[in-house]
Amino acid sequence: MKLPLPTLILWAIALFVTAFFCWILGDILWHGVGQLDWEFLTTAPRNAGREGRIAPILISTCLILGVCIAVSLPLGVGTAVLLAEFTTTESLFGRLVRRSLDVLAGVPSIVFGLFGNAFFSIKLGLGFSILSGGLTLACMVLPILIRSTEAGLRAVPADYRLGAAALGLSRTTTLGKLLLPAATPGFVVGLVLGIGRAIAETAALIFTSGYVDRMPESLLDSGRSLSIHIFDLSMNVAGGDGNAYASALVLLTLLLLVNGMATWTAQFWLARRITS
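For the structure given in this document, a descriptive report is provided here. Residue positions are given per chain, counting from 1 as you read along its sequence in written order. In keeping with the predicted nature of the model, local features appear solely for residues at pLDDT of at least 70, side-chain atom pairs appear and are counted solely at 80 or more, and the whole-chain, interface and lining totals rest on all residues. For the side-chain quantities, the full set of heavy atoms in the structure was used; hydrogens and water were omitted.

**Concerning the packing of aromatic side chains**
Any aromatic ring pair is given by two values, namely how distant the centres are and how the planes are angled relative to each other.
Point 1. By convention, a stacked pair of Phe, Tyr or Trp rings (six-membered ring in the case of Trp) has centres within 6.5 Å and planes under 30 degrees apart, an edge-to-face pair has planes over 60 apart, and any other such pair is tilted. Per the stated rule, a full pass over the model turns up five aromatic pairs.
Point 2. A ring pair is formed by Phe115 and Phe120, whose centres lie 5.9 Å apart and whose planes are at 80°; its orientation type is edge-to-face.
Point 3. Buried, partly exposed and exposed residues are distinguished by accessible area as a fraction of the type maximum, computed with a 1.4 Å probe on protein chains only: under 20%, between the cut-offs, and over 50%, respectively. Exposure remark for Phe115: the relative accessible area of 41% places this residue in the partly exposed category.
Point 4. On the numbers, 5.1 Å between centres and 70° between planes, the contact of Phe119 with Phe120 is edge-to-face.
Point 5. For Phe119, a relative accessible area of 35% gives the class partly exposed.
Point 6. With relative accessibility at 8%, the residue Phe120 sits in the buried group.

Structure below.
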């Protein structure tokens, strides 16, 4: 069976992207899997990262990501509900907010880093801290999360809203029981894309969370993320390539775990909402 040319082109692009990803993943596995052990995850780095491992860096990364998710989720979902359910597409306010979000989604990360340093670190007095880094990442994640969740809410058929109104359900009940569960796929897409951008961010965190590789004692302590650690080992530390590859493998694993957990939680919440 002869396939049309556009189909062949699409298949060729898909195979090329898949092969490129497998090549990168294979290179990281080849150089990094031999460095991984329990000690690598539970001890502190020494000698500028050439010796020792990544325990404080892993903790700092999880704390930064936790602050980012804790701030961006309620703000993102709330703003998406406002734009999709309480603002018309023709209103000036809605158009301005959507255009602003589209512009922010394309702003380079270094600009977010400078903003985070000027506002969170200096203006609010948080300094180089995990809290500053997490808040800056939340600003980066919000445009993607809001637009994806709004698209998911707008894709819900109008019959859901009309049926809920006919049954006398309140606006809050309709949102919680019908609209938000139905918009879960869009929400998950925004969350996964946002987490992927946040967890691999380097430029913005250099100016906000800092470079320190010691174990953080609070959110106001400086903390080095895995992405900064990989950058430092590969670019500034002679003999640090082995630990850089192993850290990259841990970062990929963490990304897969967080994305899988987010998807499972959303599906579990959706199933509970539908059956309740």
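Structure's up, so let's keep going.
**Regarding helix H5 (residues 109-123)**
Point 1. Numbered from the N terminus, helices here are DSSP runs of H or I no shorter than four residues, and strands are runs of E no shorter than two. The span expected for a helix works out to 1.5 Å for each residue beyond the first. In a regular helix each residue adds 1.5 Å, so 15 residues correspond to 21 Å; H5 covers 20 Å between its end C-alpha atoms and thus fits that length.
Point 2. The angle between axes fitted to the seven residues ending at a residue and the seven residues starting there is what we call the bend at that residue. The axis of H5 is deflected most strongly, by about 30°, at Gly116.
Point 3. Looking at H5, one finds that the buried residues are Ser109, Phe112, Gly113, Gly116, Asn117, Phe120 and Ser121.
Point 4. Lining the buried residues of H5 we find helix H4 (92-105), helix H6 (130-154), helix H9 (184-199) and helix H10 (203-206).
Point 5. Two residues or fewer past H5, Gly125 is found with a positive phi of approximately 75°. Note on contacts: a residue pair is in contact if any heavy atoms of the two residues lie within 4.5 Å.

**Focus on the side chain of Ser121**
Point 1. Residue position: Ser121 is located in helix H5.
Point 2. The class for Ser121 is buried, based on a relative accessible area of 8%.

**A short note on the packing of H4 against H6**
Packed helices, taken two at a time, are described by the angle between their axes plus the distance between the axes.
Point 1. Where helices are involved, their axes are fitted lines through C-alpha atoms of the stretch in contact, as for all axes, and angles between N-to-C directions lie from 0 to 180°. Two numbers describe how H4 lies on H6: the axes approach to 8 Å, and their chain directions differ by 130°. The orientation of H4 with respect to H6, classified from their angle, is oblique. When the axes of H4 and H6 are compared, the crossing they make is left-handed. Two secondary-structure elements touch here, H4 through Arg98, Leu101, Asp102, Leu104 and Ala105 and H6 through Pro143, Ile146, Arg147, Glu150 and Arg154. These descriptions rest on fixed angle ranges, namely under 35 degrees for roughly parallel, over 145 for roughly antiparallel, 65 to 115 for roughly perpendicular, and the rest for oblique. Crossings are classed by handedness, with left-handed meaning an anticlockwise turn of the near helix from the far one by less than a right angle and right-handed meaning a clockwise turn.

**Some words on the environment of Asn259**
Point 1. Within the fold, Asn259 resides in helix H12 (residues 241-275).
Point 2. Overall, the relative accessible area of 15% leaves Asn259 in the buried class.
Point 3. A C-alpha to C-alpha distance of 8.1 Å links Asn259 and Gly196, two positions 63 residues apart in sequence.
Point 4. Dropping the residues within four chain positions of it, Asn259 is found in contact with Val192 and Ile195.

**With respect to the pattern of salt bridges**
Point 1. Salt bridge, as applied in this entry: a Lys or Arg side-chain nitrogen positioned within 4 Å of an Asp or Glu carboxyl oxygen. On inspection of all chains with the given rule, the structure shows six salt bridges.
Point 2. The closest approach of N and O atoms between Arg147 and Asp102, which form a salt bridge, is 3.0 Å. Separated by 45 residues along the polypeptide, Arg147 in helix H6 and Asp102 in helix H4 bring together distant segments of the chain.
Point 3. We classify Asp102 as partly exposed; its relative accessible area is 39%.
Point 4. Of the charged contacts, one joins Arg224 and Asp232 as a salt bridge, the two residues approaching to 3.3 Å between their closest N and O atoms.
Point 5. Exposure remark for Arg224: the relative accessible area of 7% places this residue in the buried category.
Point 6. Assessed through its relative accessible area of 9%, Asp232 is described here as buried.
Point 7. Bridged by salt links that share partners, the residues Arg98, Asp102, Arg147, Glu150 and Arg154 form one connected network.

**Describing the environment of Pro157**
Point 1. Position of Pro157 among the secondary structure elements: in the loop between H6 and helix H7 (158-166).
Point 2. With 22 residues separating them in the primary sequence, Pro157 and Leu179 have C-alpha atoms 9.2 Å apart.

**Some points on the nonpolar core**
Point 1. Each nonpolar core is a collection of buried residues, namely Ala, Val, Leu, Ile, Met, Phe, Trp, Tyr and Cys, held together in the definition by side-chain atoms within 4.5 Å. Counting residues in hydrophobic clusters, the biggest one holds 34 residues, and the most contacted among them are Leu137 and Leu226.
Point 2. Every element with two or more residues in this core is listed here: helix H3 (55-85), H6, H9, H10, helix H11 (226-235) and H12.
Point 3. A total of eight residues in this core trace back to one element, the largest contributor, which is H12.
Point 4. Discounting residues that sit within four places of it in the chain, Leu226 has contacts with Ile54, Ile57, Leu58, Thr61, Ser247, Val250, Leu251 and Leu254.
Point 5. Among the nonpolar cores identified, the runner-up in size contains 12 residues, and Ala80, Val156, Leu175 and Leu179 belong to it.

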